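As a plain string of letters, each chain reads:
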Amino acid sequence: MAASSVERSGIATTPFPRHVVSKRFPSDHFPKPTLNFEIRSRRCRIGLTLASLRSSDESTSNRNYGGGHRNLVGGAMELESALEDFPYDVESKDMHTLPRPLSSNHLSNSVSDGSRLRVAYQGVRGAYSELAAEKAYPNCEAVPCEQFDTAFEAAERWLVDRAVLPIENSLGGSIHRNYDLLLRHRLHIVGEVKLAVRHCLLANHGVEIEDLERVLSHPQALDQCENTLMKLGLVREAVDDTAGAAKHVALHKLKDTGAVASSAAAGIYGLQILAHDIQDDSDNVTRFLMLAREPIIPGTDRPFKTSIVFSLEEGPGVLFKALAVFALRQINLTKIESRPLRMQPLRASDDGNGGSPKYFDYLFYVDFEASMADQNAQNALRHLKEFATFLRVLGSYPMDTSMT
Ligand SMILES: O=C(O)C(=O)C[C@]1(C(=O)O)C=C[C@@H](O)C=C1
């Protein structure tokens, strides 16, 4: 077996860490599913690609929500306007005036015409995201999408009813891309689902562990199995999703290459499982967000969580003040993430050094344990709005309190 030439470097949560060779398969390896929503049966399983979504513009334009797709890529002006028309008005005490909220059927498995709920996920069949979509919406029709962006767009353009996307993992940390996409798109978080992720080392039949020189998988999955893969001395190569890695190994009958993926993927692509539970920690859990075009009416009948994003003026103790609005009201925070405010990544300083770029602007994503129907939470956000330069509620939704 070849000795591993890879080195650990950088931060574990970087989407494509430097020690992983980022690889995209040529399109002829994975024939991209084509999409024609007008002529195909709603019930057939179809994959979505960004290209297919773009070409479906015409056929779907009259179904666009809120006047069509809006580009909200960063920028203070755009963020301000995003706040203006967000249905959760933190100034308003009357939550019943929210436009077009989802009723309790957001948790049911069918849409109003009785057909199955169509749920977009990123990856191909056998991806953990597909398992998460099916856990979130049992009996749904899970619709594979090539990229996270595709899943967001598919939901936004009414091609699917929901999207289920990973946001954080207990070992690998945050999925930054999805934090950024939450702001860029107009979807609402209507739920969360936690999935126990148990990775297997897969290979073609007849291949032994000793035959393997490299292993393919999603970068998060490679991170989650880092110790095991280092011990085996395997060169790691990042691909779009775990099941896609399994499919590639099977399709090309590779003898020196394995895949890190689910046992479901092994079954689907006819691979053997060389090792079970190869993640570095047996408690490996990924949290997925359930996204919809409309928000749900927040309740107080069960534990709720609220996700917000805000930005602040620069200054000493400003973040401390922002977080204090929750501490003062005994509201527990479950997650905080900061992301650079894109399109305006650098702010010129005015301290007389010639206006050269000095520091960064950030967006802060916070999850807290309270419902927007709760007066205490509304007061906290009203307080935060006094000094936040931008504030948006991404969703207020029932907490997944299951043990996965
Ligand atoms: O590649 C997959 O199977 C996925 O569903 C993606 C993904 C991720 O993005 O984190 C989901 C769960 C696991 O944490 C590993 C990979």
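As recorded in an unreviewed UniProt entry, the protein chain goes by the name Arogenate dehydratase, listed as coming from Pyrus ussuriensis x Pyrus communis. Its UniProt record, at the heading Pathway (unreviewed entry), says of the protein chain: "Amino-acid biosynthesis; L-phenylalanine biosynthesis; L-phenylalanine from L-arogenate: step 1/1." Comment text from UniProt for the protein chain, heading Function (unreviewed entry), reads "Converts the prephenate produced from the shikimate-chorismate pathway into phenylalanine."

## Looking at the domain arrangement of the protein chain
Taken domain by domain, the protein chain consists of domain 1 (21-27 + 198-278), domain 2 (32-63 + 101-196 + 281-297) and domain 3 (298-398). In this assembly, 17 residues from domain 1 lie in contact with 20 residues from domain 2. Three residues stand out in domain 1 for area buried against domain 2, namely Arg198, Gln220 and Gln224, and they jointly supply 33% of the buried area on that side. Across the contact surface, domain 1 and domain 2 share zero salt bridges. At the boundary of domain 1 and domain 2, one finds 11 residue pairs in polar contact (both at pLDDT 80 or more). Elements with a minimum of two residues in the side of domain 1 that touches domain 2: helix H7 (219-224), helix H9 (242-251) and helix H10 (263-269). It is H10 that contributes the most residues to the side of domain 1 that touches domain 2, four residues altogether. Of the residues assigned to the side of domain 1 that touches domain 2, the class counts are six nonpolar, seven polar and four charged.

## Things to note about the pattern of salt bridges
Per the stated rule, a full pass over the model turns up 15 salt bridges. The closest approach of N and O atoms between Glu141 and Arg118, which form a salt bridge, is 3.2 Å. Within this pair, whereas Glu141 is found in strand S3 (residues 141-145), its partner Arg118 is found in strand S2 (residues 118-122), the two being separated by 23 residues in sequence. A relative accessible area of 4% places Glu141 in the buried class. Taking the relative accessible area as the measure of exposure, Arg118 reaches 2% and is therefore buried. Residues joined in a network through salt bridges with shared partners are Glu168, Glu192, Arg287, Lys305, Lys335, Glu337 and Asp367.

## Notes on the state of the cysteines
Across all of its chains, the model carries zero disulfides by this definition. We note that Cys140 lacks a disulfide partner, and the nearest cysteine sulfur, in Cys145, lies 12 Å from it. Of the residues examined, Cys140 reaches a relative accessible area of 4% and is grouped as buried. Here Cys225 is not disulfide-linked; the sulfur of Cys200 is the nearest cysteine sulfur, at 9.4 Å.

## Some thoughts on the site of the ligand
Around the ligand sit 13 residues, and of these Tyr128, Ser129, Gln224, Thr242 and Thr286 come closest. Within the side chain of Thr286, one N or O atom sits 2.8 Å away from an oxygen atom of the ligand. Taken by itself the ligand offers 360 Å² of open surface, and the protein chains cover 100% of this. Mapped by element, the contributors of at least two residues to the shell around the ligand are helix H4 (128-136), strand S4 (162-169), H7 and strand S12 (285-292). A per-class count over the shell around the ligand returns five nonpolar, seven polar and one charged.

## So, the packing of helix H11 (residues 318-327) against helix H12 (residues 375-385)
In a packed pair of helices, the relevant descriptors are the angle between the two axes and the axis-to-axis distance. Following both chains from N to C, one finds H11 and H12 inclined at 165 degrees, their axes separated by 9 Å at the closest point. Considering their axes alone, H11 and H12 lie roughly antiparallel with respect to each other. The way H11 lies across H12 gives a crossing that is right-handed. Together, Ala322, Val325 and Phe326 of H11 and Ala380, Leu381, His383 and Leu384 of H12 make up the contact between the two elements. Among the residues making up the contact of H11 with H12, the classes are represented as six nonpolar, one polar and no charged.

## Brief notes about the nonpolar core
Tyr137, Val164, Leu182, Leu202, Ala246 and Leu291 are the most contacted members of the largest nonpolar core, which has 66 residues in total. Ignoring anything within four residues of it in the chain, the contact list for Leu182 reads Phe152, Ile167, Ile189, Leu289, Leu291, Arg392 and Leu394. In this structure, Phe310, Phe326, Leu384 and Ala388 belong to the second largest nonpolar core, which totals 21 residues.

## Quick look at the UniProt feature "domain: Prephenate dehydratase" (unreviewed entry) in the protein chain
Following the UniProt record, one finds the feature "domain: Prephenate dehydratase" (unreviewed entry) at residues 118-293. Within residues 118-293, the helical portion is 32% and the strand portion 33%, while the C-alpha atoms at the span's ends are 13 Å from each other.

## Describing the packing of aromatic side chains
Remark: the centre distance and the inter-plane angle together describe each pair of aromatic rings, the angle taken between the planes. The tally for this structure, following the rule as stated, stands at three aromatic pairs. On the numbers, 4.9 Å between centres and 70 degrees between planes, the contact of Tyr179 with Tyr365 is edge-to-face. Taken as a pair, Tyr179 in helix H6 (residues 176-184) and Tyr365 in strand S17 (residues 362-368) lie far apart in primary sequence, 186 residues in all. Aromatic pair Phe326 and Phe368: ring centres 4.9 Å apart, planes at 40 degrees, arrangement tilted. Remark: Phe368 occurs in strand S17 and Phe326 occurs in helix H11; sequence separation between them is 42 residues. The exposure class of Phe326 is buried, given its relative accessible area of 0%.

So, how was this worked out
Residues numbered from 1 in each chain as written. Predicted model: local features only at pLDDT ≥ 70, side-chain atom pairs only at ≥ 80, totals over all residues. Heavy atoms only, no water. UniProt positions renumbered as here; feature names shortened; annotations may be inferred. Domains from an automatic or database assignment. Contact = heavy atoms within 4.5 Å. Buried area = accessible area lost by both parts, 1.4 Å probe. Salt bridge = Lys/Arg side-chain N within 4 Å of Asp/Glu carboxyl O. Polar contact = N/O pair within 3.5 Å; in protein donor to acceptor, adjacent residues only side chain to side chain. Helix = DSSP H or I, 4+ residues; strand = E, 2+ residues; numbered from the N terminus. Nonpolar A, V, L, I, M, F, W, Y, C, P; charged D, E, K, R; others polar. Buried < 20%, exposed > 50% of the residue type's maximum accessible area, 1.4 Å probe, protein only. Disulfide = S-S within 2.5 Å. Near = heavy atom within 4 Å. Areas by Shrake-Rupley, 256 points an atom, 1.4 Å probe, with all protein chains shown as cover. Axes fitted to C-alpha atoms, helices over the stretch in contact; angles between N-to-C directions. Parallel < 35°, antiparallel > 145°, perpendicular 65-115°, else oblique. Left-handed = near helix turned anticlockwise from the far one by under 90°. Core = buried A, V, L, I, M, F, W, Y, C linked by side-chain atoms within 4.5 Å. Phe/Tyr/Trp six-rings, centres within 6.5 Å; stacked < 30°, edge-to-face > 60°.

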